[in-house]
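Spelled out, the chains give:
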Amino acid sequence: MFLRTVVLGILASTIWFGTACADITIQRVPIDNSSPVLLLKGEFSQSDNPELLAREVAASGAKVITFDSNGGHVLSAMAYGRMIRSLGLSTLQLRSSQCASACALSFVGGVNRQAEPGAIGVHQSSFSPESNIEGNAAVAAVQAMTAEIMTYLIEMDVDPKLLQLSLSVPSDDMRYLTANEMQNYKVTWGSLPALPERAASTEAAPTTVPPSTNTEVTPLTTEQKALAFVATYHDAWSRGNSEALDFVEKAYADTVDFYGKATPKAIVIREKRDFASRWPIRAYSVKPGSARVTCSETCRIDGVLDWYAKRDVDDRVSSGTAEFSLVWDQRAGTIISETGKVIATDKGASQPTRLISQWKEQNTACRGGSGDSAETMAACDRRETVGTKLQAVGWCYGREGEYGYQMEWHACDAASPQQDRAVAAASPAIKVKRPNASDFPIQGRFTGKTVLPDFKRRDREFNSFRTRIREGMREGPNFAGHYTLIQIGCGAGCSFAIVADNQTGRPASFPRGGEDNMYLNLDYSRDSRLVAVQWLSYDVNKCFIEFFDFDRNTWKPISKTEIGDTDACYKPIKENLR
């Protein structure tokens, strides 16, 4: 869906999500025994032609797209995203490169899309330095583009709340999304089962590297394996009792030097089980930079960790910092010695202050560092890990409607987005009776050449939208045999639709849209007169789905169902109709 007004005509040449310095180029990344991955590199610009991507896909047989782009022109990025979707391609983003700003819009065009944490960045839009738009024109331009992006995100089955998050980040800053955020906003979706392992685990190599060049993966050192085991141990011990105890059953040797005493494994496991029963809600996180490892026949790992634990019978909380020391038998993969001591406890604690402090430190390093440095990526990984543990023990980041600078960690409540998702998942979906599309057969299929509207005389009431209508009709009928349905933005969350007859050139209005029917989302096909429409009423904060029959150029209502509150309209209509 595109918006074409006089203001947007100016906007198309001025509004950017980054500083453009080069047009998009397409490079083939050779993959052994498979079709190549295509790398879109550079900045999106007005002069880009997405048809070049279609030609390259046809020539190479590629099925996966990856990016190395800091953003650029929003409309161009969305055009690439639509081309990616129309070609049925998947998208993959690695942290070794980045996809930031407008590039994120292109990325979500993938039918299936996967990305490493910290690989996708978002922030506010901004005008290019050459722009002279000021005052009311600038406000109108931003509103128009906001509506355009909102419509596009819904079209791509991405949660429109992603736009709200983007608007909370200044244009001179960047918010790199965590794995949880990408999943929750549906930036990542599906899987890439056919993607070769090499493409999913190695840095993209441009075609300047000979295809025969072998990339060897450096094996982990014994010390790295020991550190990885300790991280896995504390991650598992931070989960629910069943999963945690299953892990520790396999993690210890038959006899363990347990706090200075040779102890049979069965007794060690019994103590772990008793502790887990008393403190079923737990989170443990090693302080970054504190772990030290020395290996010979076995490995000794010393470090400092922060913990938070809570009882479920009386809500008692335990929080503090402790030293730990483990000896790990690398051959058997088991712990043969364990000891440690408490350094500090938080008397009267009610919240995981130390873990929250860890998260904030890593968040600062993740957002403030270089987007492609190893240190920054490691900080993003640690932030993700600590954040997941905090959520698992009932702590949420930010409340509905808050912006980045307002968001803080708090005990999850009804206003927490994570809590909303949990409630929504547990609540039974409202059943919407969907009419059978075949019961509304088309009354003729389009043949011949499209007739465009007469905007100077008969159809002059639609003259303000002539560019958008013409563009839509030239793409051919998409509804009821010989009609084109065109959705046009009118502000943030606001849009309306026009249906045009490709045989007669006559346009007509759709019965829903504008400020009375916000977040308009349509579902229709070329082979039926049936249209499903989803919209939000701000007056009652309710989301509705209606069905209409377009019978002989007349919209006939069939049914109307209330499907929930405002959040229901943030989901694509196809998801609510499942």
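Everything that follows concerns the structure shown earlier in this document.
**Q** Residue-level account of the overall build of the protein chain, with values.
**A** Scanning the protein chain from terminus to terminus reveals 16 helices and 26 strands. Per-residue burial over the protein chain gives 49% buried out of 578 residues. Considering only contacts within the protein chain whose residues lie at least 6 apart along the sequence, 61% involve residues at least 24 apart. Summed over its atoms, the accessible surface of the protein chain is roughly 27,600 Å², and 49% of this surface lies on carbon and sulfur atoms.

**Q** Pulling in residues and values, what's your account of the state of the cysteines?
**A** As enumerated under the stated definition, the model contains four disulfides in all. Between the sulfur of Cys396 and that of Cys412 lies a disulfide, 1.8 Å long from S to S. Its S-S torsion of about 100° marks the bond between Cys396 and Cys412 as right-handed, since a negative value means left-handed. Within this pair, whereas Cys396 is found in strand β18 (residues 395-397), its partner Cys412 is found in the loop between β19 (409-411) and α14 (417-426), the two being separated by 16 residues in sequence. The exposure class of Cys412 is partly exposed, given its relative accessible area of 24%. At a sulfur-sulfur separation of 2.0 Å, the disulfide partner of Cys543 is Cys569. When the S-S torsion is 90°, as for the bridge of Cys543 with Cys569, the disulfide is right-handed. Residue Cys543 is located in strand β25 (residues 542-551), and its partner Cys569 is located in the loop between β26 (554-564) and α16 (573-576); the two are separated by 26 residues in the primary sequence. Here Cys543 falls in the buried class, since its relative accessible area comes to 0%.

**Q** Can you explain the packing of aromatic side chains? Please cite residues and give values.
**A** The geometry of an aromatic ring pair comes down to the distance between the two centres and the angle between the two planes. The full count for this structure, using the stated rule, is 21 aromatic pairs. Here the aromatic cluster, defined as three or more aromatic residues joined through ring pairs, consists of Phe479, Tyr483, Phe510, Tyr524, Phe548, Phe550 and Trp555. For Arg282, the ring lying beneath its charged end belongs to Trp237, and the centroid distance is 4.5 Å. Seen from the ring of Trp279, Arg311 lies directly overhead, with NZ or CZ sitting 5.9 Å from the centre.

**Q** Any chance you could break down unusual backbone geometry for me, citing the residues and the numbers?
**A** The phi torsion at Ser101 lies on the positive side, around 60°, for a residue other than glycine. Of the residues examined, Ser101 reaches a relative accessible area of 4% and is grouped as buried.

**Q** Would you mind going over the sheet that holds β25 in detail, with residue names and values included?
**A** Ordered by their spatial adjacency, four strands build an open sheet running β23-β24-β25-β26, and the pairing between neighbours is antiparallel. Since the sheet does not close on itself, it has two edges, and those belong to β23 (518-524) and β26, each with one partner. Averaged over all pairs of adjacent strands, the angle between strand axes in this sheet comes to 20°, irrespective of strand direction. Here strand β24 (residues 530-537) pairs with β25 via eight bridges, running antiparallel. Residue pairing for β25: Leu530 is matched across the bridge by Asp549.

Reading the values: rules and limits
- Residues numbered from 1 in each chain as written.
- Predicted model: local features only at pLDDT ≥ 70, side-chain atom pairs only at ≥ 80, totals over all residues.
- Heavy atoms only, no water.
- Helix = DSSP H or I, 4+ residues; strand = E, 2+ residues; numbered from the N terminus.
- Buried < 20%, exposed > 50% of the residue type's maximum accessible area, 1.4 Å probe, protein only.
- Contact = heavy atoms within 4.5 Å.
- Areas by Shrake-Rupley, 256 points an atom, 1.4 Å probe, with all protein chains shown as cover.
- Disulfide = S-S within 2.5 Å.
- Phe/Tyr/Trp six-rings, centres within 6.5 Å; stacked < 30°, edge-to-face > 60°.
- Lys NZ or Arg CZ within 6 Å of the ring centre and 35° of its normal.
- Pairing = 2+ DSSP bridges.
- Axes fitted to C-alpha atoms, helices over the stretch in contact; angles between N-to-C directions.

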